[in-house]
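# Working through the structure, step by step
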Amino acid sequence: MKALFHLVGAGTDINSSFERGAALAPPLIRQALWSDRGNLACENGMEVGRDFTLEDRGDLPLGEDPEDDILIRNAVAASLTGGAIPILLGGDHAVTLPIMEAIHAHYGPVTILHIDAHPDLYEDFEGNPRSHASPFARIMEAGLAARLVQVGIRTLNRHCREQAERFGVEIVEMRHFAPDRIPHISGPVYISLDMDGLDPACAPGVSHAEPGGLTVRELLSVLDGISGEIVGADIVEFNPRFDINGVTAITAAKMIREIASRAATNRKGKS
């Protein structure tokens, strides 16, 4: 049986701390994904539709209120119950918390591979404990993850270093990055990709651009190193207001294909 993926839009940026606009991202990522600009081939030779199924479930009707978390949790739970692997399109990074609540309810604690310029571990940011700068503090204190592996980080301040030590986070800072320095990541694993983990030259359409990040090729090498079952993913923090010639949308769309093909490959190897 072919692996089934559900593509779900979670377009909200109510918890963004600097620039809003990430809520506009899901339709533009879809447009790039299905565009005749390219095809549906993945780098490992798999093809969307032939080797795995990518079912677009549309955008959740989020209203920027407390009910949004319930809608996100329920959508992820429905995908998991139906045997699908959910891929969520943000939106700001705060959406990862309700996603992980649903993942945990289904699988128990999993490993999170978090790709980002920022550790998002603030106890609260600017008085908001649900800030997009805080989701992984909430996730770790709730015991939703067995491991948190962060790659691409290049903005660690003293508070976030202390938080990382508190939660036992495994961080590969960008200044030390090499593909062979990534810890072995076995499954089940959840991938959370903040588009600003990439260098701004590769993904200019973000709110918090931070020079010195991953190239697309380096990010693909990180994904290729995952050997365990991939149970879900999110692609967040693409802000179309700052994109140039659709580059970030195209890159996000490619990451949907590559994450799905890696997940399908790993599932096939397990069966």
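Residues numbered from 1 in each chain as written. Predicted model: local features only at pLDDT ≥ 70, side-chain atom pairs only at ≥ 80, totals over all residues. Heavy atoms only, no water.

## Comments concerning the packing of aromatic side chains
Here the distance between the centres and the angle between the planes together describe a pair of aromatic rings. Going through the model one piece at a time under the given rule, you end up with two aromatic pairs. Each ring, one from phenylalanine 5 and one from phenylalanine 52, has its centre 5.4 Å from the other, and the planes form 75 degrees; the classification is edge-to-face. A residue pair is termed long-range when its members are at least 10 positions apart, and phenylalanine 5 in strand β1 (residues 3–10) and phenylalanine 52 in strand β2 (residues 52–59) qualify at 47 residues. Accessibility classification places phenylalanine 5 together with phenylalanine 52 in one group, the buried group. Between tyrosine 122 and phenylalanine 125 the ring centres are 4.8 Å apart and the planes differ by 65 degrees, which places this aromatic pair in the edge-to-face class. By relative accessible area, tyrosine 122 is classed as partly exposed at 22%. (Phe/Tyr/Trp six-rings, centres within 6.5 Å; stacked < 30°, edge-to-face > 60°. Helix = DSSP H or I, 4+ residues; strand = E, 2+ residues; numbered from the N terminus. Buried < 20%, exposed > 50% of the residue type's maximum accessible area, 1.4 Å probe, protein only.)

## Structural notes on the pairing of strand β6 (residues 170–173)
Bridging between strand β5 (residues 145–153) and β6 involves four bridges; their strand directions are parallel. What sits directly across from isoleucine 153, in β6, is glutamate 173. Where the polypeptide runs from β5 across helix α5 (residues 158–167) and back to β6, its parallel neighbour, the crossover connection is right-handed. (Pairing = 2+ DSSP bridges. Right-handed = clockwise from strand over helix to strand, strands pointing away.)

## Some words on helix α2 (residues 67–81)
Over its 15 residues, α2 extends 21 Å from the first C-alpha to the last, a length consistent with the 21 Å expected when each residue adds 1.5 Å. Of the surrounding elements, those touching the buried residues of α2 are β1, β3 (85–90), α3 (96–107) and β8 (230–236). Of the residues one or two after α2, glycine 83 is the one with positive phi, at around 85 degrees. (Expected span 1.5 Å × (residues − 1). Contact = heavy atoms within 4.5 Å.)

## Structural notes on the sheet that holds β1
Taken together, the eight strands give an open sheet; going across it, the order is β2-β1-β3-β8-β7-β4-β5-β6, and neighbouring strands pair in parallel fashion. A strand with exactly one partner marks an edge of an open sheet, and here the two such strands are β2 and β6. Each strand of the sheet is rotated relative to its neighbour by a mean of 15 degrees, with strand direction disregarded. On top of the sheet, α3 reaches β3, β4 (110–115), β7 (189–194) and β8; it is set at about 170 degrees to β7, its chief contact. (Axes fitted to C-alpha atoms, helices over the stretch in contact; angles between N-to-C directions.)

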